[in-house]
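# Commentary on secondary and tertiary structure
This is what each chain is made of:
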There are 2 protein chains.
Amino acid sequence: MPVPKGSTIDPERTRAAILEAATAVLYERGLDGVGVAELCALIGVSKETLYRHFGTKDGLVEAMLRARSERVTRWLAEASAAAGDDPRDQLAAVFDALREWYQDPVFRGCAMLNAAAQHHVEPVRAITARHLDRYLDLLTGIAERAGAADPPLLGRQLLMLVEGATVVAAHHGTAGTGEQARQAALALLSAASRDGGGD
Amino acid sequence: MPVPKGSTIDPERTRAAILEAATAVLYERGLDGVGVAELCALIGVSKETLYRHFGTKDGLVEAMLRARSERVTRWLAEASAAAGDDPRDQLAAVFDALREWYQDPVFRGCAMLNAAAQHHVEPVRAITARHLDRYLDLLTGIAERAGAADPPLLGRQLLMLVEGATVVAAHHGTAGTGEQARQAALALLSAASRDGGGD
DNA sequence: CGGAGATCGAACCGATCGGTACGATCTCGA
DNA sequence: TCGAGATCGTACCGATCGGTTCGATCTCCG
């Protein structure tokens, strides 16, 4: 029971607890795979409380996607930064982090992409697009520091690789996916640096 | 009105017409984005007829996904085969075909991946996994004929690139995506052939 | 101690959903 | 011409959904 009853009545803490618990359930079962009533029962909160904090099921979904996008992006950025100054190591660290994620038993693909495939509504699509933007920024930065001939191009190609690896890991098996993607990413980086931009 | 009323009462033709019309609607609106009643109204068929042919909405969905997976895979394979004997041209042709698809106004990503993100049920997941298998076969074949050092590895990396490009095109904009993916694929092919497998 | 507000639990609402039933209509083949 | 069967249109069913309301309870703070 993640939300400890009335306990200390701190609305902000309640909201955060709902968000965290709901994220896990909705990610595992799908946005439409669990109704509000069951969701409230699972996370131990009344419907009135949930609706006062988020107004709508869609409101909860959007808040959850926003928080998750920021969290996972920050996680990848930190993994990259912790790898040192060599852009090549930074890129490898990104895919090592992804590989770790793929092996998590609760891994079910990118929550933002899954959500966009279910809710065709505009806010969700915008959050998903922004999520890909965050990834693109991270990857393009690596491409720039690596001296790629065309950093925006390489950034977008790496974005495809990241998202493709996630999709393949989710729907075709996680075995080796992270490592294979890592090798491909480094190969692309090498080719992009060698072909014309070794300044 | 795709289903021409009672017309010639040919059950097989009716079934095929339902399948084709329903595919377009369900792909555009999402599997849960349109109910059976509205779906029947849109494609001009009664609920009884639809249920006699497919038994269940899920039955219709599965039949539609199976047909679509075969159709799109055959389309890619033919585009590849039509490019001649050079594996490099064949790979480029695959991504040219994808680029064409991305520019279609009704393009909304891979129907099988979208479906798997919505219906967590087993049959849909199996169809999606099999769909990726088909793609993998096509790409691994190209990798083999190109003399890659490790064709299964390159095949899977190309699979990630195909799916990643489709995801990015669907959720981050189609501009340039096909061409960028094509360049990346050819770069991977070159690297895989040069690195250790120039047979 | 007392009031404000957060929370609970359960009842309740209208809408929609997937699926069924039925009588009428149409086409085709014997 | 007549019967079998495919189809239509509509009404209907039970279940579930998202969302609201309300009285009771609890915690905090003055």
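Presented here is an overview of the structure given in this document. Here the structure is a predicted model, which is why all the values come from computation and not from measurement. Counting of residues starts from 1 at the beginning of each chain's written sequence and follows it residue by residue. To label them, take the chains in the order written and letter them from A, then take the ligands in the order written and number them from 1. Per-residue local features are limited, in this predicted model, to residues with pLDDT of at least 70; the limit for side-chain atom pairs, both in listing and counting, is 80 or more; totals at the level of whole chains, interfaces and linings are taken over all residues. Only heavy atoms go into the side-chain values, all of them from the structure, while hydrogens and water stay out.

### Digging into the side chain of A:His131
Residue and element names in this part refer to chain A. Runs of H or I in DSSP of at least four residues are treated as helices and runs of E of at least two as strands, each being numbered from the N terminus. Structurally, His 131 can be placed in helix H7 (residues 122-145). Residue burial is assigned from relative accessible area. The probe radius is 1.4 Å, only protein chains are included, and a residue is buried under 20% of its type maximum, exposed over 50%, and partly exposed in between. Judged by relative accessible area, which is 0%, His 131 ranks as buried. When sequence neighbours within four positions are dropped, the list of residues in contact with His 131 reads Ser 69, Val 72, Thr 73, Cys 110 and Met 112. The contact rule is simple, with two residues in contact once any of their heavy atoms fall within 4.5 Å.

### Remarks on the interface of chain B and chain A
Counting residues at the interface gives 42 residues for chain B, matched by 42 residues for chain A. Interface area, chain B with chain A, both sides summed: about 3,300 Å², of which 65% is carbon and sulfur. Buried area: the sum, over both parts, of the accessible surface (1.4 Å probe) that disappears when the two are put together. In terms of surface lost to chain A, no three residues of chain B exceed B:Met160, B:His171 and B:His172, which account for 22% of the buried area on that side. Salt bridge, as used here: a side-chain nitrogen of Lys or Arg that lies within 4 Å of a carboxyl oxygen of Asp or Glu. The interface formed by chain B and chain A holds 0 salt bridges in total.

### Brief notes about the relation of the copies chain B and chain A
When chain B is fitted to chain A, the residual RMSD is 0.0 Å, and the transformation amounts to a turn of 180 degrees plus an axial shift of 0.0 Å. What the superposition gives is, in effect, a two-fold axis relating one chain to the other. Proximity to the rotation axis, assessed at the C-alpha, singles out B:Gly164 in chain B; its C-alpha lies 1.7 Å from the axis. By residue overlap, the copies meet face to face through one surface: 100% of the interface positions of chain B are interface positions in chain A. Copies are brought into register by a least-squares superposition over C-alpha atoms of residues with pLDDT of at least 70 in both.

### Brief notes about helix H5 (residues 87-102) of chain B
Between the first and last C-alpha of H5(B) there are 23 Å, a value that for 16 residues agrees with the 22 Å anticipated at 1.5 Å per step. The opening residue of H5(B) is B:Asp86, an N-cap whose side-chain oxygen sits 2.8 Å from the backbone nitrogen of B:Arg88. Helix span is expected to be 1.5 Å times the residue number reduced by one. Two N or O atoms count as a polar contact when they lie within 3.5 Å, although within protein this holds only if one can serve as hydrogen donor and the other as acceptor, and sequence-adjacent residues are included solely when both atoms are side-chain atoms.

### Considerations on helix H8 (residues 151-172) of chain B
Residue and element names in this part refer to chain B. Given a rise of 1.5 Å per residue, 22 residues ought to cover 32 Å, and the 30 Å separating the end C-alpha atoms of H8 matches this to within 8%. With 21 of 22 residues buried, H8 is to be regarded as a mostly interior element. Of the residues trailing H8, Gly 173 is marked for its positive phi of about 105 degrees.

### Some remarks on the packing of helix H5 (residues 87-102) of chain A against helix H8 (residues 151-172) of chain A
All names here are of chain A. Closest axis-to-axis distance for the H5/H8 pair is 10 Å, and the angle between their directions is 15 degrees. With respect to each other, H5 and H8 are oriented roughly parallel. Two packed elements cross with a definite hand, and for H5 against H8 that hand is right-handed. When H5 is examined against H8, the residues Leu 91, Phe 95, Leu 98, Trp 101 and Tyr 102 are found in contact with a partner set consisting of Leu 158, Leu 161, Val 162, Ala 165, Thr 166 and Ala 169. Here the nonpolar group is Ala, Val, Leu, Ile, Met, Phe, Trp, Tyr, Cys and Pro; Asp, Glu, Lys and Arg are the charged ones; every other residue, Gly included, is treated as polar. For the contact of H5 with H8, the class distribution of residues is 10 nonpolar, 1 polar and no charged. Axis definition: a line fit to C-alpha positions, over the contact stretch in the case of helices; interaxial angles, taken between N-to-C directions, run 0 to 180 degrees. Comment on the angle field: the value is read as roughly parallel under 35 degrees, roughly antiparallel over 145, roughly perpendicular from 65 to 115, and oblique elsewhere. The sense of a crossing depends on the near helix, which, turned anticlockwise from the far helix by less than a right angle, makes the crossing left-handed and, turned clockwise, makes it right-handed.

### Description of the pattern of salt bridges
Taken as a whole and judged by the stated rule, the model has 10 salt bridges over all chains. For B:Glu62, the salt bridge is made with B:Arg66, and the minimal N-O distance between the two is 3.6 Å. Placement of both B:Glu62 and B:Arg66 in helix H4 (residues 57-81) is noted, with a separation of 4 residues, approximately one turn of the helix. Close ionic contact of B:Arg99 with B:Asp96 constitutes a salt bridge, the shortest N to O distance being 3.2 Å. On the criterion of helical spacing, the pair formed by B:Arg99 and B:Asp96 is a turn pair, its members being 3 residues apart in helix H5. One salt-bridge network, held together by shared partners, links A:Asp96, A:Arg99, A:Glu179 and A:Arg182.

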